[in-house]
Amino acid sequence: MSLIKCNECGKDISDKAPNCPNCGNPIVNTNKNPLDEAPVVTIQKTYKRWKSVKLISWIIIIIGVMFMGGGESIQAIGVLFIISGIIGLMVARFGAWWTTG
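Quantities reported herein were computed from a predicted structural model and do not represent experimental measurements. Numbers given to residues run from 1 along each chain, matching the order in which its sequence is written. Confidence filtering applies because this is a predicted model: local features only for residues at pLDDT of at least 70, side-chain atom pairs given and counted only at 80 or more, and all residues used for totals across whole chains, interfaces and linings. In computing side-chain properties, one takes all heavy atoms of the structure into account and sets aside hydrogens as well as water.

Concerning the pattern of salt bridges
Now for step 1: We define a salt bridge as a side-chain nitrogen of Lys or Arg found within 4 Å of a carboxyl oxygen belonging to Asp or Glu. Counted according to the given criterion, the structure contains one salt bridge.
Now for step 2: Here Asp12 makes a salt bridge to Lys5, at a shortest N to O gap of 3.3 Å.

A closer look at the confidence of the model for the protein
Now for step 1: Confidence of the predictor at the level of single residues is given by pLDDT, which spans 0 to 100. Per-residue pLDDT for the protein has a mean of 83; in total, 83% of the residues score no lower than 70.
Now for step 2: Per-element confidence in the protein ranges from a low mean pLDDT of 84 for strand 1 (residues 3-5) to a high of 93 for helix 1 (residues 48-67). Only DSSP runs of H or I reaching four residues or more are called helices, and only runs of E reaching two or more are called strands; each is numbered from the N terminus.

Regarding the nonpolar core
Now for step 1: To define a nonpolar core, start from buried Ala, Val, Leu, Ile, Met, Phe, Trp, Tyr and Cys residues and group those joined through side-chain atoms within 4.5 Å. Under the scheme applied here, a residue whose accessible area is under 20% of the maximum for its type counts as buried, over 50% as exposed, and between as partly exposed, the area being computed with a 1.4 Å probe on protein chains only. Ile4, Cys6, Ile13, Cys20 and Ile27 form the largest nonpolar core, which has five residues in total.
Now for step 2: With residues up to four places along the chain from it excluded, the contact list for Cys6 reads Lys11, Ile13, Cys20, Cys23 and Asn25. The criterion used for residue contact is that any of the two residues' heavy atoms lie within 4.5 Å.

A closer look at a nonpolar patch on the surface
Now for step 1: Note that patches include only residues with greater than 30% relative accessible area and no salt bridge, and the join distances are 9 Å for like charges and 5 Å for nonpolar side chains (Val, Leu, Ile, Met, Phe, Trp, Tyr). What sets the accessible areas is the Shrake-Rupley method with a 1.4 Å probe; for residues, cover comes only from the shown protein chains. Together, Leu55, Ile59, Ile62, Ile63, Met66, Phe67, Ile74 and Ile77 line one region of the surface with nonpolar side chains, adding up to about 700 Å² of accessible area.
Now for step 2: Listing elements by their share of the nonpolar patch, those giving two or more residues are helix 1 and helix 2 (72-100).
Now for step 3: For the nonpolar patch, the element with the most residues is helix 1, which contributes six residues.
Now for step 4: For Ile59, the position within the fold is in helix 1.

Description of the side chain of Ser14
Now for step 1: If you trace the backbone, Ser14 turns up in strand 2 (residues 12-14).
Now for step 2: In this structure Ser14 comes out as buried when scored by relative accessible area, which is 17%.
Now for step 3: Contacts described as polar in this section are N or O atom pairs within 3.5 Å, which, within protein, must combine one atom able to donate a hydrogen with one able to accept it, while residues neighboring in sequence count only if both atoms come from side chains. Within the structure, the side chain of Ser14 is placed 3.1 Å from the backbone nitrogen of Lys16, a separation counted as a polar contact.

What about the side chain of Ser57?
Now for step 1: Of note, Ser57 is situated in helix 1.
Now for step 2: On the basis of relative accessible area, Ser57 is assigned to the buried category, the value being 5%.
Now for step 3: Looking at Ser57, its side chain comes within polar contact range of the main-chain oxygen of Val53, at 2.8 Å.
Now for step 4: Apart from residues lying up to four places away in sequence, Ser57 is in contact with Gly85, Gly88 and Leu89.

As for the packing of aromatic side chains
Now for step 1: A pair of aromatic rings is counted whenever rings of Phe, Tyr or Trp (Trp by its six-membered ring) have centres within 6.5 Å, and the orientation is called stacked for planes under 30 degrees apart, edge-to-face for over 60 and tilted otherwise. Applying the stated criterion to the full structure yields four aromatic pairs.
Now for step 2: Ring geometry for Phe94 and Trp97: centres 5.5 Å apart, planes at 40°, overall tilted. Placement of both Phe94 and Trp97 in helix 2 is noted, with a separation of three residues, approximately one turn of the helix.
Now for step 3: Each residue in the set Phe94, Trp97 and Trp98 is aromatic and connected to the rest through ring pairs, giving one cluster.

Shown next as structure tokens:
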């Protein structure tokens, strides 16, 4: 910690102070290391649980699409698979949003 002169009132102040305690003038320190003020990095976490729910939902949708090529009763099962897969995707999206904020 070193002392520098305030540009406004000329009194000695700490180089760590954001402004002069005497006059309130903001201090611009040109001797600062640029690495001291590294940019803030935000890491977004998505838990593996929601990724696995999403993967299983896509697999269910693909199985449902495969059932759509069969007869009328098989197509009804395919539609149920597709709808449940879409609901699973929505649950995974909401769960990931809810957990990470």
